Amino acid sequence: MEYDHQLSELKRLILLKSKIRFITPADCKRISIEISKRLNKNVSETTVKRLFGFAAVKHRFSNFTLTTLAEYVDSEKNEHGILPAVQHNPDEWKSVKEKIDKITRFTLKTIKNRSGIPYELTISRRFAEHDFDEFYKGNYIFTSLISQPGYGRTTLLAHLAENLFFKDGAAYQDSTLLFISAPNFFNLDQLNLNLEDQIKQHLGLTTTENILEFLNRNQQSQSGKFIIIFDGLSELVIKRDQKNDLFDSIINLICSLEDYKNIKLMMSMRSTTWVRFYERMRYSSFLKSKWFPGNYFNMHELSNVPPLSEKEVDVIISRINTSDNSLNPRLKAQLKFPFHIQLYYQLKEEDPDFNYYSNITFYELVSRFIQEKIYRSNYYTEKILFLKKIIQLTGYGKDSSSVVKDHLLTELSVFKNAYMELLSDGILMEERRIENAHPVEYVRFLHTHMFEYFLFVEILEKFHLQVSLEFFQFINTQYDANQVRFQLLQWTARFLIKTGNFSAIRSIFRLDLINYEVNYLILFIAEEIKYRSKHNSDIERVLDDHLFHEIIIDELINFDFIDSCYKEAVTALVDIAQKDDHLLVYNSLLGLIEIFSMDKQRIIERADHMRKLKGENWMFNPVDALDIIYAKINSVPVTDSRLITQIADFKEGKNTFNIDPSSTLSTQQGIAYLMMLFVDIFTGHHNSIPLFDSMAKLQPKLFTHRTSFTLFIVNLYGYNLAFFNPGGRANQIERLMVHLINKRHTMLTKYIESITSMLQAQQSFNRKEYGIAIDHAKECLSLFKRNNMIFNAMVICDLLISIYIELRNEGLANEYRYERLCMLDVNEISKTVL
């Protein structure tokens, strides 16, 4: 009765203070705001409504609430006897400390057992330790780790607890840490119960003393501070009004801590949860002044947990991949998000060799993330419909990548639960922009790769799941100059491989693509097939049924030996080919690459491997060419070689290889021509002009169409002319190639451009423009050394030596003589090879 009388007196004084005669529910909000303004403390609108009977009261009001209301009506000294008497029981501290340590260690053990990857593979985050140190020493009461889902907040907190509180020599080992998971702490049936009482219940305290006073006093005697960490607030599945009750309880606790300098609160929540929590405290200058936002708080992303740095990713990957830590750059960028590291670890568990040069790992991670968060989740049908609507409102990605929230009002009312899960799971995010001095809310995909995936799905449905040339042309034209174009092509290639529609892959190469895109798509397709074939042995048989290798071999005629994707693609194709014809082409291309690198060990190993293969439609056996080149690199005489004789006759215009003059060039013929050129050079016939002339004479169609191979041969021909017969035709070819490079012609490859630069260097030398010649030559030398093109590098060294001799600079000439000698010694090549 006395308590009720005291409440009645308090209500009377509040009404008198607020000058309200007849209170209504609307007045409660005004009283709440007025208290916040006057005292910098928070008593929620709901709490005021409970006091005046506008909301249900399930428990007594907390000491903080009664004290704050008493202060508001100028009754700080508690003249009305509202606050209960305090009793002290200091003997409980030892058992309480043991109980707290037990709770914290249980929380840490649970985190380790539930970690998505073995906990020992995870790392601590230095930024978090620095932030915590600043929070601990500063005049702050609370802080929170805030991020989108999948940033590893829980693991971060576990490492923080171990490193700062429990390991030997820990910085805060004198402090006490109560680390507890929110779902284990909060009573969902009594969220409006004040947190001081809930803490007392969890610690098993029987003292009648204020729990915060008890903890603060005992911690003060021990030095250090008492730190409370609530993890997993976003995992609490409660209704909106219950969540407001929860937030009000936390805010009341924070306000109570103002008088207890030895107690601090740390929380962890998703960005969406933080937005709602901040709404409850935004009008309190006291709360905002006592909040430590962290040094990495990003208002745009609503996060203070930065993604993993490249160095941190490297450390984790080195623990997962104990043998090979090399990763595709785009995959490494994706692994900045710890949840994706978990998916990557799962892939490595299924396939320890899962480490590819292309982005197939990235696409597999995205696909698994979507499967996990959407297709295997609640409301998955509603989620898909909602996401489809967003894609449509963006104009299928052509207008923008975000949508005004007001345009989704119908969907928001129908798919409310699905939308909230999409936000909480980090698929979508809301952002506020200022337009014409007014805030406008937008909805967008949190990560661009999610947007690209659902854009692809929507376009696929637009074409009734049929992938044809029209489908590819739609992507290539509608998304021209749009960065999503190439990603859409890769999603399409992956879809075709998963569905076994290999014949449709031909259409992708009918598009107007630059050579880098062609090389990369071949690599992507080959590695995707290699990955799929490990789980489905029938794929390689189906490839032959659809003439897959014939399609790909036709595209390899560009001979882009400098592009690393080209080499990696051919290497991957060897792993998925079964027929000798196909294997002979792929191994011959790798043999050419090894000739350029002057790697004699690989050349002979390649030749030995190819001896077992039988192929058709070859001008000669490429193994014979490799044997000759290997012998010449080792200064071993070559006698009685039928191939050398055939090449000599061919240079004289004889059709020794039975070439059909009406035929178009095949990749096998292109390989043969290049091997003939190498044999001719290594056998001492550096002037290969007659060889090019015979090509044009015996196969005139070779130069009737402009292709990558045609430009490649013309370039080599021009370089030979510049070296052995400078003047008219060499000048014409130089002007043509420079013009095409300036126009960024799609048929050009990086290797063609490098040969053009060699041609320009030689031509400049011929014209005695030594400065220009040196610039071109040095650029070429750097490029060739970087790509292990030792053959070309030695040719350039010879040119630089000639230039500096002409300039009478023996010092620099000797430097390049020495550099050439070093290249020969490192590769154990005979000094008389060229």
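Coordinates for the structure precede this section.
Computed from a prediction, not measured in an experiment: that's the story for all the values here. (Residues numbered from 1 in each chain as written. Predicted model: local features only at pLDDT ≥ 70, side-chain atom pairs only at ≥ 80, totals over all residues. Heavy atoms only, no water.)

K.L.:
Help me understand the overall build of the protein chain in this model?
P.N.:
Within the protein chain, the regular secondary structure consists of 40 helices and eight strands. Across the 834 residues that make up the protein chain, the buried fraction comes to 56%. A separation threshold of at least 6 residues defines the contact pool for the protein chain, and within that pool the share at least 24 residues apart is 71%. Within the structure as shown, the protein chain displays about 37,600 Å² of accessible surface, and the carbon and sulfur contribution to it stands at 48%. Of the side-chain charges in the protein chain, 99 are positive and 103 negative, and the distance between the mean point of each set is 4 Å. (Helix = DSSP H or I, 4+ residues; strand = E, 2+ residues; numbered from the N terminus. Buried < 20%, exposed > 50% of the residue type's maximum accessible area, 1.4 Å probe, protein only. Contact = heavy atoms within 4.5 Å. Areas by Shrake-Rupley, 256 points an atom, 1.4 Å probe, with all protein chains shown as cover. Lys, Arg positive; Asp, Glu negative; His and termini not counted. Charge placed at Lys NZ, Arg CZ, Asp CG, Glu CD.)

K.L.:
Looking at this model, I keep getting lost on the packing of helix H14 (residues 310–320) against helix H16 (residues 338–350). Mind explaining?
P.N.:
When two helices pack together, their arrangement is captured by the angle between the axes and the distance separating the axes. The N-to-C vectors of H14 and H16 enclose an angle of 20 degrees; their axes lie 11 Å apart at closest approach. It follows from the interaxial angle that H14 and H16 lie roughly parallel. Taken as a pair, H14 and H16 cross one another with a handedness that is right-handed. Touching Ile316, Ile317 and Ile320 of H14 are Ile341, Tyr344, Tyr345 and Lys348, all from H16. Here the residues of the contact of H14 with H16 sort into six nonpolar, no polar and one charged. (Axes fitted to C-alpha atoms, helices over the stretch in contact; angles between N-to-C directions. Parallel < 35°, antiparallel > 145°, perpendicular 65-115°, else oblique. Left-handed = near helix turned anticlockwise from the far one by under 90°. Nonpolar A, V, L, I, M, F, W, Y, C, P; charged D, E, K, R; others polar.)

K.L.:
Which parts of the structure should I look at to understand helix H35 (residues 708–724)?
P.N.:
Two residues of an α-helix separated by three or four positions point the same way, owing to the 3.6 residues in each turn. Counted at 1.5 Å a residue, the expected span for H35 with its 17 residues is 24 Å, and the 24 Å between its end C-alpha atoms agrees. In terms of residue burial, H35 counts as a mostly covered element, since 15 of its 17 residues are buried. (Expected span 1.5 Å × (residues − 1).)

K.L.:
Whenever I open this one, the packing of helix H36 (residues 728–742) against helix H37 (residues 750–766) confuses me. Can you help?
P.N.:
Between H36 and H37, the shortest axis-to-axis distance is 10 Å and the interhelical angle comes to 135 degrees. Here H37 runs oblique to H36, going by the angle between their axes. The element H36 and its partner H37 pack so that their crossing is left-handed. Contacts between H36 and H37 involve Ala730, Asn731, Ile733, Glu734, Met737, Val738 and Ile741 from the former and Ile752, Glu753, Thr756, Leu759, Gln760 and Gln763 from the latter. For the contact of H36 with H37, the residue count by class is seven nonpolar, four polar and two charged.

K.L.:
Just checking my understanding: could you explain the sheet that holds strand E7 (residues 428–435) for this structure?
P.N.:
Two pairing modes exist for strands in a sheet, parallel and antiparallel, and in both the strands are linked by backbone hydrogen bonds. Across the sheet, three strands lie side by side as E6-E8-E7; this open sheet has antiparallel pairing. Strands with a single pairing partner mark the edges of an open sheet, and in this sheet they are strand E6 (402–404) and E7. The mean angle between the axes of side-by-side strands here comes to 35 degrees, regardless of whether they run parallel or antiparallel. Summarising the sheet, E6 and strand E8 (residues 438–445) pair through three bridges and their orientation is antiparallel. Across the sheet, residue Val403 finds its bridge partner in E8, namely Val443. Sheet strands touched by helix H20 (residues 416–424): E7 and E8. Its angle to E7, the strand with the most contacts, is close to 90 degrees. (Pairing = 2+ DSSP bridges.)

K.L.:
In this structure, what is going on with the sheet that holds strand E3 (residues 226–231)? I would like to understand it.
P.N.:
Ordered by their spatial adjacency, five strands build an open sheet running E2-E3-E4-E1-E5, and the pairing between neighbours is parallel. Here the strands that pair on one side only, and so sit at the sheet edges, are strand E2 (176–181) and strand E5 (291–292). When E3 meets strand E4 (residues 263–270), the two strands line up parallel, connected through five bridges. The partner of Phe230 across the bridge, within E4, is Met267. Sitting on the sheet, helix H12 (residues 271–281) is in contact with strand E1 (142–147), E4 and E5, with an inclination near 130 degrees to E4.

K.L.:
So what exactly am I meant to see when it comes to the side chain of Lys405 here?
P.N.:
Locating Lys405 in the fold gives a position in the loop between E6 and helix H19 (409–414). On the basis of relative accessible area, Lys405 is assigned to the buried category, the value being 17%. Ignoring anything within four residues of it in the chain, the contact list for Lys405 reads Leu412, Tyr419, Glu430, Glu441, Tyr442 and Val443.

K.L.:
Any chance you could explain the pairing of E1 here in plain terms?
P.N.:
Regular strands place side chains that alternate from one sheet face to the opposite one. Judged by how many residues are buried, E1 sits mostly within the fold: six of six residues are covered. Burial along E1 is two-sided: the face carrying Phe142, Ser144 and Ile146 and the face carrying Thr143, Leu145 and Ser147 are both buried. Where E1 lies against E4, six bridges are found, and the strand directions are parallel. Counted as the bridge partner of Ser147 is Arg270 from E4. Where E1 meets E5, two bridges bridge the pair, whose relative direction is parallel.

K.L.:
Even after reading the chapter, I still don't get the pairing of E2, so can you show me in this structure?
P.N.:
Here E2 lies mainly inside the structure; six of its six residues are buried. Because side chains alternate across E2, one face comprises the buried residues Thr176, Leu178 and Ile180, and the other comprises Leu177, Phe179 and Ser181, equally buried. Relative to E3, E2 is paired through six bridges, and the arrangement is parallel. Considered in E3, the bridge of Leu178 is made with Ile228.

K.L.:
Please clarify how the environment of Phe230 should be interpreted in this entry.
P.N.:
Assignment of secondary structure puts Phe230 in strand E3. As for Phe230 and Ser181, which are separated by 49 residues in sequence, their C-alpha atoms are 5.8 Å apart. If we ignore the near neighbours within four places in the chain, the residues touching Phe230 are Ile180, Phe185, Phe186, Leu195, Leu253, Leu265, Met266, Met267 and Ser268.

K.L.:
How should I be thinking about unusual backbone geometry in this particular structure?
P.N.:
The backbone of Arg808 sits at a positive phi, close to 55 degrees, despite the residue not being glycine. Within the fold, Arg808 resides in the loop between helix H39 (790–806) and helix H40 (810–826). Residue Glu828 is not a glycine yet carries a positive backbone phi of 55 degrees.

K.L.:
I would appreciate a short explanation of the nonpolar core in the present structure.
P.N.:
It is characteristic of soluble globular proteins that their nonpolar side chains tend to be buried jointly. Core analysis: the largest hydrophobic core is formed by 198 residues, its most contacted members being Leu428, Phe445, Phe509, Phe559, Phe561, Tyr586 and Phe712. Membership of the second largest hydrophobic core comes to 46 residues, among which are Val96, Leu178, Ile238 and Leu257. (Core = buried A, V, L, I, M, F, W, Y, C linked by side-chain atoms within 4.5 Å.)

K.L.:
Can you walk me through a negative patch on the surface in this structure?
P.N.:
On the surface, a cluster of negative charge is contributed by Glu550, Asp554, Asp581 and Glu616. When its relative accessible area of 32% is taken as the criterion, Glu550 is described as partly exposed. (Patch = residues over 30% accessible without salt bridge, like charges linked within 9 Å, V, L, I, M, F, W, Y side chains within 5 Å. Salt bridge = Lys/Arg side-chain N within 4 Å of Asp/Glu carboxyl O.)

K.L.:
Hey, could you run me through the side chain of His340 in this one?
P.N.:
Mapped onto the secondary structure, His340 falls in helix H16. Residue His340 is classed as buried on the basis of its relative accessible area of 4%. Sequence-distant contacts of His340, defined by excluding residues within four places in its chain, comprise Gln334, Leu335, Leu365, Phe369 and His449.

K.L.:
Which parts of the structure should I look at to understand the environment of Leu584?
P.N.:
Within the secondary structure, Leu584 sits in helix H29 (residues 580–597). Sequence separation between Leu584 and Glu540 is 44 residues; the distance between their C-alpha atoms is 17 Å.

K.L.:
Where do I start with the packing of aromatic side chains in this structure?
P.N.:
For any two aromatic rings, the description comes down to two numbers: the centre-to-centre distance and the angle of the planes. The full count for this structure, using the stated rule, is 58 aromatic pairs. Each ring, one from Phe362 and one from Tyr363, has its centre 5.2 Å from the other, and the planes form 90 degrees; the classification is edge-to-face. Here Phe362 matches Tyr363 in class, with each residue buried. Taking 4.7 Å as the distance between ring centres and 80 degrees as the angle between the ring planes, the aromatic pair formed by Tyr363 and Trp491 counts as edge-to-face. With a gap of 128 residues between them, Tyr363 in helix H17 (residues 360–375) and Trp491 in helix H23 (residues 484–499) connect regions that are remote in the sequence. With relative accessibility at 0%, the residue Tyr363 sits in the buried group. Relative accessible area serves as the criterion here: at 2%, Trp491 is assigned to the buried category. Each residue in the set Phe362, Tyr363, Phe445, Phe451, Tyr453, Phe454, Phe486, Trp491, Tyr516, Tyr520 and Phe524 is aromatic and connected to the rest through ring pairs, giving one cluster. Residue placement shows Arg282 over the ring face of Tyr283; its charged tip is 5.9 Å from the ring centre. The ring of Tyr442 has Arg433 sitting right over it, with the charged end atom 3.9 Å from the ring centre. (Phe/Tyr/Trp six-rings, centres within 6.5 Å; stacked < 30°, edge-to-face > 60°. Lys NZ or Arg CZ within 6 Å of the ring centre and 35° of its normal.)

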